[in-house]
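Descriptive structure summary
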Amino acid sequence: MGVRILVVEDERTVASALRRGLQAEGYDVDIAEDGEDGLWRAQEGSYDAIILDVMLPKLNGYKVCRTLRDSGDWTPVLMLTAKDGEYDEAEGLDTGADDYLTKPFSFVVLTARLRAMLRRGSGAQDGSAFEAGDLLMDPVRHHCERAGTKIDLTAREFAILSYMIRRSGQIVTKPEILDNVWDYEFEGDPNIVEVYVRRLRKKIDEPFGTRTIHTVRGVGYRLEPEL
Ligand code: CA
């Protein structure tokens, strides 16, 4: 069976161009024309990735993605947005999208992002979990816990923390995080990393009263749980 992609897009010209292009690349493609149908198909079918427009009739793309994530479905989602700017990006990613692309987009860029997402998705199947002190992460189950307490992370938060835990005890710089977690030439504000680190601290450090992510001033961060 081939790699199956669900495209949720109400603009027919965009949807059919995506279908033709992706089929030419060898993907099996299904189209849904509104958010409700998209959510239903995503839940019923087994797709390797979903290309999800934000502005959709009935249910917007953010809600579709959030609903999937809340139900424990971590199929990679590439969000298509007409909006611009880092905060919209942060909003989109925090609904659990793995990546985003601003319209109008180049098909070459879209397929590159899609391949990167699919690679990441399958890379998570190698069965390895990571531990640093009392922090545990299992990419296969998209599971994170600290001191035995489960912590809910968005897709992007999870990716950043996974990168840090793999290099625990070492300094990681913001550009390294951007290169490794965003998977493509990031052209926005690199301070987006700070936004995510702040959110991660709220989830994995503040409730426990001890530090896991340390700031190395002017350089980056170091993950090292204080026990
Ligand atoms: Ca649309």
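Below is a short write-up of the structure. Since the structure is predicted, the reported quantities are computational estimates derived from the model, not experimental observations.

Before going further, it helps to spend a moment on the environment of aspartate 48. Within the element layout of this structure, aspartate 48 appears in the loop between helix 2 (35–44) and strand 3 (49–53). Separated by 70 residues in sequence, aspartate 48 and leucine 118 place their C-alpha atoms 7.1 Å apart. Once you skip the residues sitting within four places of it in the chain, aspartate 48 turns out to touch Gly2, Val3, Arg4, Thr75, Pro76 and Leu118. A distance of 2.7 Å separates a polar atom in the side chain of aspartate 48 from the backbone nitrogen of arginine 4.

Moving on to the packing of helix 6 (residues 155–166) against helix 8 (residues 192–204). At a closest axis distance of 10 Å, the pairing of helix 6 and helix 8 adopts a crossing angle of 85°. Classified by the angle their axes make, helix 6 and helix 8 are roughly perpendicular. The residues of helix 8 that touch helix 6, namely those facing Arg156, Glu157, Ile160, Leu161 and Met164, are Tyr196, Val197, Arg199, Leu200, Lys203 and Ile204. Broken down by class, the residue content of the contact of helix 6 with helix 8 amounts to 7 nonpolar, no polar and 4 charged.

Once that is clear, we can look at the side chain of arginine 69. Position of arginine 69 relative to the elements: it lies in helix 3 (residues 61–70). The buried category is assigned to arginine 69, whose relative accessible area is 3%. At 2.8 Å, the side chain of arginine 69 forms a polar contact with the side chain of aspartate 98. Contacts of arginine 69, omitting those with residues within four sequence positions, involve Trp74, Thr75, Pro76, Val77, Thr95, Gly96 and Asp98.

The rules behind the values
Residues numbered from 1 in each chain as written. Predicted model: local features only at pLDDT ≥ 70, side-chain atom pairs only at ≥ 80, totals over all residues. Heavy atoms only, no water. Helix = DSSP H or I, 4+ residues; strand = E, 2+ residues; numbered from the N terminus. Contact = heavy atoms within 4.5 Å. Polar contact = N/O pair within 3.5 Å; in protein donor to acceptor, adjacent residues only side chain to side chain. Axes fitted to C-alpha atoms, helices over the stretch in contact; angles between N-to-C directions. Parallel < 35°, antiparallel > 145°, perpendicular 65-115°, else oblique. Nonpolar A, V, L, I, M, F, W, Y, C, P; charged D, E, K, R; others polar. Buried < 20%, exposed > 50% of the residue type's maximum accessible area, 1.4 Å probe, protein only.

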